[in-house]
Amino acid sequence: MIETSPFGKTGHQSTRIIFGAAALGGMKQDKADGVLELLLEFGINHIDTAASYGESELRIGPWMREHRQRFFLATKTGDRTRQGARDSLHRSLERLRVDQIDLIQMHNLVAENEWTTALGAGGALEALVEARNQGLVRFIGVTGHGSQVAAMHRRSLERFAFDSVLFPYNFTMLNIDQYAADAEALLKVCRERGVATQTIKSVARRRWQNGDGRKFSWYEPLRDRDAIRRGVHFVLSRPGLFLNTSSDATLLRDILDAASMKATAPARAEMEADVDRYAMEPLFIPGVSDTI
């Protein structure tokens, strides 16, 4: 079974592996049911989806009738205005077939103009606070991609007491000195304030190069089981971090198998060898490739 840890100050003991339900976005219900059964097998108790993840919320909805009490349920809104976020949240409640969501997150809040709108007067944050006051959601978080996300999350935490953050965390991203410094500064603030820290892209190899074959995520993931294990353990060997699984469901069992082992931090030489062997690259490089 997967280790659990306090999810910030929410009072919930979440499995340190959180199911990234973007993996369900393009699936039919029968296939999604098989994926969700795997969560039960490994004892995963935290699901993270989003309004923009295709049919993901609709695939989770039927499961909530029987398993709602088992899962800490999180979704996201990408709307930046109060009315837009309110409408998005109510659609998510309907699609998920629940009366309350545990965590609603402001999705990919990084761009300066969107940040100003969402956190300003008439912005999305007002709708989420209103929903919390009404009991429709319990907690509020913020997520993001790109090389500036850790710095932006720190700014967001200065503006509002978010309950969780989500950002990329892997060996190649942390080899960017400024990103590593920003990530450490963010983690320090989160530890001090009891903010849950979710990480993504643990098994990312690089952006897709020219090539054929089906693609189940916007980036190319690692496929070698040992490399996946090292990527997972790179994250989980650090206390307090949660790892959100890949949007490529074909990797789910390998990730869960890795997380079921005792997480020992891989030697830097091992990680560097993986970088060389699999031509790994950071997904986000300042001034070069900083968006999805």
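First things first, this report covers the structure right here in the doc. Owing to the predicted nature of the structure, the values given are computational and were not obtained by experimental measurement.

**Regarding the packing of aromatic side chains**
Summed over all chains, the structure comprises nine aromatic pairs. Taking 5.2 Å as the distance between ring centres and 65 degrees as the angle between the ring planes, the aromatic pair formed by Phe7 and Phe242 counts as edge-to-face. Placement of Phe7 in the loop between strand S1 (4-6) and strand S2 (13-15) and of Phe242 in strand S12 (residues 241-244) is noted, with a sequence separation of 235 residues between them. Measuring from ring centre to ring centre gives 5.8 Å for Phe171 and Phe234, while their planes differ by 85 degrees; the resulting arrangement is edge-to-face. Highlighted residues: Phe171 in helix H7 (residues 171-174) and Phe234 in helix H9 (residues 225-236), separated in sequence by 63 residues. An identical accessibility class is assigned to Phe171 and Phe234; each is buried. Among the aromatic residues, those joined into a cluster by ring pairs are Phe7, Phe72, Phe139 and Phe242. Over the face of the ring belonging to Trp115 we find Arg155, whose NZ or CZ atom lies 4.3 Å from the ring centre. The side chain of Lys215 reaches across the aromatic face of Trp208, ending 4.9 Å from its centre.

**A few points about empty space enclosed by the protein**
Under the defined criterion, the tally for this structure stands at one cavity of 30 Å³ or more. A volume near 90 Å³ is recorded for the largest cavity. As for the largest cavity, its lining consists of 14 residues, of which Phe171, Ser202, Gly231, Met271 and Met280 are closest to the centre. For the lining of the largest cavity, the element with the most residues is H9, which contributes four residues. Along the lines of polarity and charge, the residues of the lining of the largest cavity split into eight nonpolar, four polar and two charged.

Rules used in this analysis
Residues numbered from 1 in each chain as written. Predicted model: local features only at pLDDT ≥ 70, side-chain atom pairs only at ≥ 80, totals over all residues. Heavy atoms only, no water. Phe/Tyr/Trp six-rings, centres within 6.5 Å; stacked < 30°, edge-to-face > 60°. Helix = DSSP H or I, 4+ residues; strand = E, 2+ residues; numbered from the N terminus. Buried < 20%, exposed > 50% of the residue type's maximum accessible area, 1.4 Å probe, protein only. Lys NZ or Arg CZ within 6 Å of the ring centre and 35° of its normal. 1 Å grid on protein atoms, 1.4 Å probe; cavity = no way out; pocket = protein on both sides within 12 Å on 5 of 7 lines; lining within 4 Å. Points joined across faces, edges and corners; volume = space filled by probe spheres on them. Nonpolar A, V, L, I, M, F, W, Y, C, P; charged D, E, K, R; others polar.

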